[in-house]
Structure formats: C-alpha cells, structure tokens
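One-letter residues, chain by chain:
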Amino acid sequence: MSDSRNNLPEIPATFAEMDLSDEILRAIEDMGFTVPSTVQAKTIPLMMSGADINAIAPTGTGKTCAFGIPMLEYVQLKDHRVQEIVLAPTRELALQIGDELTKLAKYIKGVRIAVLYGGQPISKQISALKRQPQVIVATPGRLLDHMNRGNIHLDAVHTMVLDEADEMLNMGFVKDVTRIIEATPSDRQLVLFSATTNQDVLTIAWKFQHEPMEITVEATKEDRPQIAQYVIATERDKKIDHLLYLLDADVYQRMMIFCNTKFMTDKLTSRLKKEGYSAECIHGDVKQSQRNVVMNDFRRGKFPILIATDVAARGIDVDDVEAVINFDLPSENEYYLHRIGRTGRAHKHGVSFSLVTFQESVRMDEILKYMIARPLPLHFEEDVLRNEDGTPFFENI
C-alpha cells in the first residue's frame, strides 16, 4: 500500500486511472463495480492527495467506497496502531461500513478492521482491539468509552472520516465528536460526508479542517435513484386496510414499512404476522444482537417485509428493496427523504407510498415544500395501481 498524497489530480473516468493497488482493483471487480460514481470520482483522488474534504452528497451514491478505498490504500500494514477512523451516527450504519470495508480489503493481507458500537458486549470489542486493528469504525459514544478505559489510543491516526456528519451532530454528538477529533494528531486528514449541511458541520470544519476542499455532488442521471412517490388518502382506522391492499397486490417482493413509534412497529408486525405475512421489525428496544440477525436475514431474503422506526431510515444498504411504505409520516422532513432512499438503489427503480390521513395532510404539504426546495435525486411517475372501477387508488405526488 503506497501513500499517493501529491498534487491534486484530475477527476478520473475509471478506477484503473486512479493509481489504485492491484488488491483494491480486484476487490472492486469482485463487488461488481465497473466505473466510479460521481462522488467516488471526485473524492478518491482528493483523499489520495491528502486534502481535507467537506462533501455534500445525496444518499445511495457510493460514499462508503469513496472514502473506504483511499483509507485502505493508506494503511501501513506493519504498523499495528490505529491509523484510520470512521465515525457513524448509528450502530447499523457502523456495521454496514465495516462490511463494505471488509469487502474492499479482501485481498489486502494483514489489514484488520474493528467495529465498535453500543449494545454489543464491551468484552467482545476489547478482544477485537487486542488484535491491533489499523482501521476502526465506531459510533461516537462507544469509541469514547474505549478511550476512557484506555483500550484505544488515537495518537497515530492520519485519516478520520465523519460519515453522515449532519445527522451525527444533529443527534447531539457534537461534544463527543469534538473530544475524539482532539485526541487525534492535529495534522491528520479530516473528511466530512453529509447529505445536507448545518451550523454544527460548518463549526467542526472551521475548527479542525485545514483548507478543506468542498465537494458538492448533485445526483446525475447515472446516480439518481429512480423513485416514484405516491400518497394514499386514508383515515386512521383504515390505514391497515390500505396497507393490506398494497400487500395483497403481490407486486413487491421486498418492502420496508416505517412507523414513528416502537409500539406501532410491534403492533403492526404482530398484525401482519396474524394475517399470514412474513414480517420482522427493528426499533430501539430490540437488542442489538437481534437487530443484527433481523437485518442479515432481510438482506438474504429470508423474509420480505421489514417494519422499522427511523433507526433504519439512514445507512441501511439493501440494494433490492422494491418499495417503501410510510405507515406514519415522519416528524422531520429529512427523515422522509432518508426513508424513501432505502429503495431505488443500485440503479434500480423503486416506489414509495405514504398513508396520509386528513390530519396528516398539512404535514405532507410541509414535506412536499421541503423537497421542492431541494435539488432532489428523485423523479415522478404516473399512477400504477387502480381500483376495480378503473379510478386511481393512489394520488401521485
């Protein structure tokens, strides 16, 4: 692995033009990638040059490989200290990043990757740290816990990535993230990835980055998720009926349904199972070990319907989710975008349905205004399902 931090190169059209190692190129080929996405083409050369980066990019555009490839190229295999850090806001995203980095490191002998997050026994993670990983993926709280216990030291870190930085800082991790960054060398490379920007992201960038390069990636035709969105006007006591109508149509083989509360998630899962559907759920009260089992089974197609709170709205990378249903409208505008972004991934078409009561119509209007005001990576299609008399069952937004 060579450190290729020189002058800023031109944006390459292929992975072969990026001066990547044979090990990384073989792993990329195994993963089925042929040409870099826009965010990868812009980010990888800049990271390889050593620049600090503040990147704004839409969901589903390949951000993990964009920062993961340069990080693995930097690793000095004979140095057993922690060299690379990725912070993620949620356990699920941390695990997903760890899986992606493991795939990229398939042919790099001697690289060790550890994932640290709350909800897993700390003794298991201590054992992983004793194997001297060079790459750490972690949620802020658990990483700080290990730092306070003396299990990990960040004095040799030369690349640090904050993934979903906007969400992580919105969740109240500003102080934790600041303490972690301050524990790394002042000349380390700091890369921020966000779907949007906010004051906390700008503050972190101002305090800790050195002449950062700004990257803004608007979804191109190649990167754009193809998501048709529909609103189903309903009443509170008719939501289940409309949901069953959708499921009975048997159009979609893999679906995610979002609820706002743990109670409704459990209640809806029980109801669908009683109706004969194969469905499982995840939310904050489900043990992390069980959440991992459920997500792995969903990825492998062992059941077709995953019901979740917003714990799964960001960072869950399942390429073949065909439809997303908002059983409840989210309380935050951004969560709507992150929810429906679970479909239409990997250059496939997706569809979303929102079950909206009269009382929720004002909330839906707010979401629409939010989306219209943004350069969103979405498109809209005609109605796809109709009632028996031929009238549209869904109002296309």
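Just so it is clear, the structure is predicted and the values come from calculations on it, not from any experiment. (Residues numbered from 1 in each chain as written. Predicted model: local features only at pLDDT ≥ 70, side-chain atom pairs only at ≥ 80, totals over all residues. Heavy atoms only, no water.)

**A few points about the pattern of salt bridges**
Counted only if it meets this: Salt bridges are defined as contacts in which a side-chain nitrogen from Lys or Arg sits within 4 Å of a carboxyl oxygen from Asp or Glu. Each residue is placed in one exposure class: buried if its accessible area under a 1.4 Å probe, protein chains only, is under 20% of its type's maximum, exposed if it is over 50%, and partly exposed if it falls in between.
Counted according to the given criterion, the structure contains 13 salt bridges. We note a salt bridge from arginine 81 to aspartate 79, for which the minimum N-O separation is 3.0 Å. Residue classification places aspartate 79 among the partly exposed residues on the basis of a relative accessible area of 21%. The partner of lysine 302 in a salt bridge is aspartate 297, and the shortest N-O contact between them spans 3.7 Å.

**Describing the side chain of threonine 343**
Rules: Labels follow the DSSP assignment, with helices taken as runs of H or I lasting at least four residues and strands as runs of E lasting at least two, numbered in each case from the N terminus. In protein, a polar contact means a hydrogen-donor-capable atom and an acceptor-capable atom, both N or O and within 3.5 Å, with residues adjacent in sequence counting only if both atoms are side-chain atoms; elsewhere, any N or O pair within 3.5 Å suffices. In this analysis, two residues are considered to be in contact whenever any of their non-hydrogen atoms come within 4.5 Å of each other.
Within the fold, threonine 343 resides in the loop between α13 (333-340) and β13 (349-356). Within the structure, the side chain of threonine 343 is placed 2.7 Å from the backbone oxygen of valine 321, a separation counted as a polar contact. Beyond its immediate sequence surroundings of up to four residues, threonine 343 is in contact with Ile227, Val321, Glu322, Ala323, Val324, Gly350 and Val351.

**Focus on the packing of aromatic side chains**
Going by this rule: Side-chain rings of Phe, Tyr and Trp, where Trp is taken by its six-membered ring, are said to pair if the distance between their centres is within 6.5 Å; with planes under 30 degrees apart they count as stacked, over 60 as edge-to-face, and otherwise as tilted. Only when the NZ of Lys or the CZ of Arg is both within 6 Å of the ring centre and within 35 degrees of the ring normal is a charge said to sit over the ring.
Going through the model one piece at a time under the given rule, you end up with 4 aromatic pairs. A centroid spacing of 5.7 Å and a plane angle of 50° characterise the contact between phenylalanine 67 and phenylalanine 193, whose relative ring orientation is tilted. Of this pair, phenylalanine 67 sits in helix α3 (residues 63-74) while phenylalanine 193 sits in strand β6 (residues 189-194); the two residues are 126 residues apart in sequence, bridging distant segments of the chain. A network of ring pairs unites the aromatic residues Tyr230, Tyr252 and Phe353 as a single cluster. Directly above the aromatic system of phenylalanine 327 lies the positively charged group of lysine 239, at a separation of 5.5 Å from the ring centroid.

**Digging into the sheet that holds strand β4 (residues 135-138)**
Put simply, the test is: Note: two strands are recorded as paired if DSSP finds a minimum of 2 bridges between them. Orientation is described by axes fitted as lines to C-alpha atoms, over the contacting stretch for helices, and by angles from 0 to 180 degrees between their N-to-C directions.
Spatially, β3-β4-β2-β5-β6-β1-β7 is the arrangement adopted by the 7 strands of the open sheet, whose pairing is parallel. For this open sheet the edge positions go to β3 (113-116) and β7 (213-216), each flanked by a neighbour on one side alone. With strand direction ignored, the average angle separating the axes of adjacent strands in the sheet is 15°. With 4 bridges connecting them, strand β1 (residues 53-56) and β7 associate as parallel partners. Each bridged residue has a counterpart across the sheet, and for isoleucine 53 the counterpart in β7 is methionine 213. Contacts between helix α9 (residues 199-208) and the sheet are confined to β1, β5 (159-162) and β6, with β6 contributing the most and set at about 170° to the helix.

**Describing the environment of phenylalanine 15**
Structurally, the position occupied by phenylalanine 15 is in the segment before α1 (22-30). A residue is classified by how much of its surface remains accessible, and phenylalanine 15, at 4% relative accessible area, is buried. Excluding anything up to four places from it in sequence, phenylalanine 15 contacts Leu20, Leu25, Ile28, Phe33, Thr34, Val35, Pro36, Gln40, Ile44 and Ile69.

**Brief notes about the packing of helix α6 (residues 140-149) against helix α8 (residues 174-182)**
Definition in use: For classification purposes, an angle smaller than 35 degrees is called roughly parallel, one larger than 145 roughly antiparallel, one from 65 to 115 roughly perpendicular, and anything else oblique. Each crossing is labelled by how the near helix is turned from the far one, with a counterclockwise turn of less than a right angle marking it left-handed and a clockwise turn marking it right-handed. Residue type decides the class: Asp, Glu, Lys and Arg count as charged, Ala, Val, Leu, Ile, Met, Phe, Trp, Tyr, Cys and Pro as nonpolar, and the leftover types, Gly among them, as polar.
For the pair α6 and α8, interaxial distance at closest approach is 10 Å and the crossing angle is 45°. Regarding the angle of α6 to α8, the classification is oblique. The crossing of α6 and α8 is left-handed. On the side of α6, the interface is formed by Pro140, Gly141, Leu143, Leu144, Met147 and Asn148, while α8 contributes Asp176, Val177, Arg179 and Ile180. In the contact of α6 with α8, the residues fall into 6 nonpolar, 2 polar and 2 charged.

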